[in-house]
Amino acid sequence: MPLILSLLLSTVVSLPATLTFTAPDGWVAKAPSSSMRLAEFSLPRATGDAEDGSVTVFFFGATQGGNVQANIDRWLGQMAQPDGRASKDVATSTRSTTTSGLPLTVVDVPGTYVAEVAPGSSEKFNKPGFRQIAVYIDTPGGPYFVKALGPAKTIAKWSASVDGFLKGISYK
């Protein structure tokens, strides 16, 4: 057998694992707006809301994105409370769970969305009546992140499908 053919037959190709998921019915896929966004979806607005919600799946790299606590703190800091309380005191949920053997940390917090318009920007959003469900997914290849964001009624309308989406995530 020629040497090249022998080498080809004995070479095992291993592709890197990645997060896999299926979008629930009703979610509208959008082209990711940056290379750090693996997927973006629009959640059609609830009756009376001024805009749609969104779900975004992020991956910044195997060693990027910060640890769980840093992300919890950042997500809570992206929501201000109209009565001045700390967002950690009104978060409806900060929980740890697993799906397909992957540890997930989920933060669910309502309030006024006040995150930076772009990373490092001094300009901030000011969107009262919003809700954010942010998720840290710990995988062997590094952390992935899921964020559902939008008007509170819209996120409430889609929250069961967000939970179903999270339960269906795997790493292959």
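Definitions and limits used
Residues numbered from 1 in each chain as written. Predicted model: local features only at pLDDT ≥ 70, side-chain atom pairs only at ≥ 80, totals over all residues. Heavy atoms only, no water. pLDDT = per-residue confidence, 0-100. Contact = heavy atoms within 4.5 Å. Salt bridge = Lys/Arg side-chain N within 4 Å of Asp/Glu carboxyl O. Buried < 20%, exposed > 50% of the residue type's maximum accessible area, 1.4 Å probe, protein only. Helix = DSSP H or I, 4+ residues; strand = E, 2+ residues; numbered from the N terminus. Polar contact = N/O pair within 3.5 Å; in protein donor to acceptor, adjacent residues only side chain to side chain.

**What to know about the confidence of the model for the protein**
- Summarising the model, the protein shows a mean pLDDT of 89, and 90% of its residues fall at 70 or more.
- Taken together, the stretch residues 3–15 has pLDDT below 50 and engages in two contacts with residues farther than four places along the chain or on a different chain.

**Focus: the pattern of salt bridges**
- Following the criterion strictly, the structure yields five salt bridges and no others.
- With a shortest N-O distance of 3.1 Å, Asp52 and Arg45 are connected by a salt bridge.
- Exposure remark for Arg45: the relative accessible area of 41% places this residue in the partly exposed category.
- Between Asp83 and Arg85 there is a salt bridge, with its nearest N and O atoms 2.7 Å apart.
- Looking at Arg85, the relative accessible area reads 47%, which means it is partly exposed.

**Let's talk about the side chain of Asp108**
- Its place among the elements puts Asp108 in strand β7 (residues 102–113).
- Owing to a relative accessible area of 8%, Asp108 belongs among the buried residues under this scheme.
- A distance of 2.7 Å separates polar atoms of two side chains, one belonging to Asp108 and the other to Arg131.
- If we ignore the near neighbours within four places in the chain, the residues touching Asp108 are Ala91, Thr92, Ser93, Arg131, Gln132 and Ile133.

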